[in-house]
Amino acid sequence: MAEEETKNTNEAPAAEAEKVETAAAAPAEETPKEAAPAEAAAPSAADKPAEASAPAQEAPKAEGRNDRRGPGGRPNNRRGPKPAAPRREDDGIMEKVLFINRCAKVVKGGRRFSFSALVVVGDGAGKVGIGFGKANEVAECIRKANEAGRREMESVNLVKDTIPHEIIGEFGGSRVLMRPAAPGTGLIAGGGVRAVAEAAGVKDLLAKSLGSSNPSNVAKAALEGLRQLTLKEEILQARGK
């Protein structure tokens, strides 16, 4: 009996030790299950920067759209594109865009825009013309104005690189005073007067606008002044001398 009691007492601590070991081992096995959500959350955290970067890529588009539109959805540039620099065609004709105007027509579906262009053309050797064109596109209205100016080109009287005498050209409310200048003076003129003088081939000129600053009227006044120029020989011939 004594031997059986000792065996039972020895087996009891061993059984309790096994229970303690199993209890201690159980949390160790559960820890990976608790760590699993942390590992699963890691990809979502990595995905967040990619999702956050998407609005940053769309931001420039929104800024560009806002730059083109003013208050009420109207474009900021109310007078349309700026006039282009003068250029010379293959046939030697110089083209200068003086003014581009934009017109908006309000219809049921919104607004319809159309453009008009004022162009000065000349060969730089005494021939100059002014053309006006209208179209729904800027390039098309410039092309029409260029063709109209080529059809209306006319010769003007020049003496070397300047005009023969002082003249005042008038058209509408615009008045342009033009005076001959010494060689090397250059074109002391601005706006439409300068464009018309360059296209005609004038290199030395003193000019001043005295009336309305309307681009179309100023250019036509300058052309009217050049049209009235008369050479000394023509005056003497008219007098019979």
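Residues numbered from 1 in each chain as written. Predicted model: local features only at pLDDT ≥ 70, side-chain atom pairs only at ≥ 80, totals over all residues. Heavy atoms only, no water.

Caption draft 1: Spotlight on the pattern of salt bridges. Evaluated as defined, the whole model comprises seven salt bridges. Across the pair Arg-143 and Glu-147 runs a salt bridge, and its minimum N-O distance is 2.7 Å. Of the two residues, Arg-143 and Glu-147 are both situated in helix α2 (residues 138-151); the distance of four residues between them amounts to about one turn of the helix. Using a relative accessible area of 38% as the deciding quantity, one classes Arg-143 as partly exposed. The residue Arg-179 makes a salt bridge to Glu-166 at a minimum N-O spacing of 3.4 Å. Taken together, the positions of Arg-179 in strand β7 (residues 174-180) and Glu-166 in the loop between β5 (154-155) and β6 (167-171) put the pair 13 residues apart, joining distant regions of the chain. (Salt bridge = Lys/Arg side-chain N within 4 Å of Asp/Glu carboxyl O. Helix = DSSP H or I, 4+ residues; strand = E, 2+ residues; numbered from the N terminus. Buried < 20%, exposed > 50% of the residue type's maximum accessible area, 1.4 Å probe, protein only.)

Caption draft 2: Quick peek at the sheet that holds β6. Spatially, β6-β7-β9-β8 is the arrangement adopted by the four strands of the open sheet, whose pairing is mixed. For this open sheet the edge positions go to β6 and β8 (187-188), each flanked by a neighbour on one side alone. As paired elements, β6 and β7 share five bridges and run antiparallel to each other. Opposite Ile-168, over in β7, you have Leu-177 as the bridge partner. Lying on the sheet, helix α4 (residues 215-227) is in contact with β6, β7 and β9 (205-209); it crosses β7 at an angle near 45°. (Pairing = 2+ DSSP bridges. Contact = heavy atoms within 4.5 Å. Axes fitted to C-alpha atoms, helices over the stretch in contact; angles between N-to-C directions.)

Caption draft 3: Examining the pairing of strand β3 (residues 110-122) more closely. For strand β2 (residues 94-107) and β3, the ladder comprises 13 bridges, and the chain directions are antiparallel. Residue pairing in the sheet places Glu-95 in a bridge with Val-121 of β3. Connecting β2 to the antiparallel partner β3 that follows it, the hairpin turn spans two residues. The pairing of β3 with strand β4 (residues 127-135) spans eight bridges and is antiparallel. Residue pairing across strands places Leu-118 opposite Phe-132, the latter belonging to β4. With antiparallel pairing between neighbouring strands as the criterion, β3 and β4 make up a hairpin whose turn holds four residues, including Gly-124 at a positive phi of roughly 75°.

On their own, these measurements won't tell you what the molecule is for.
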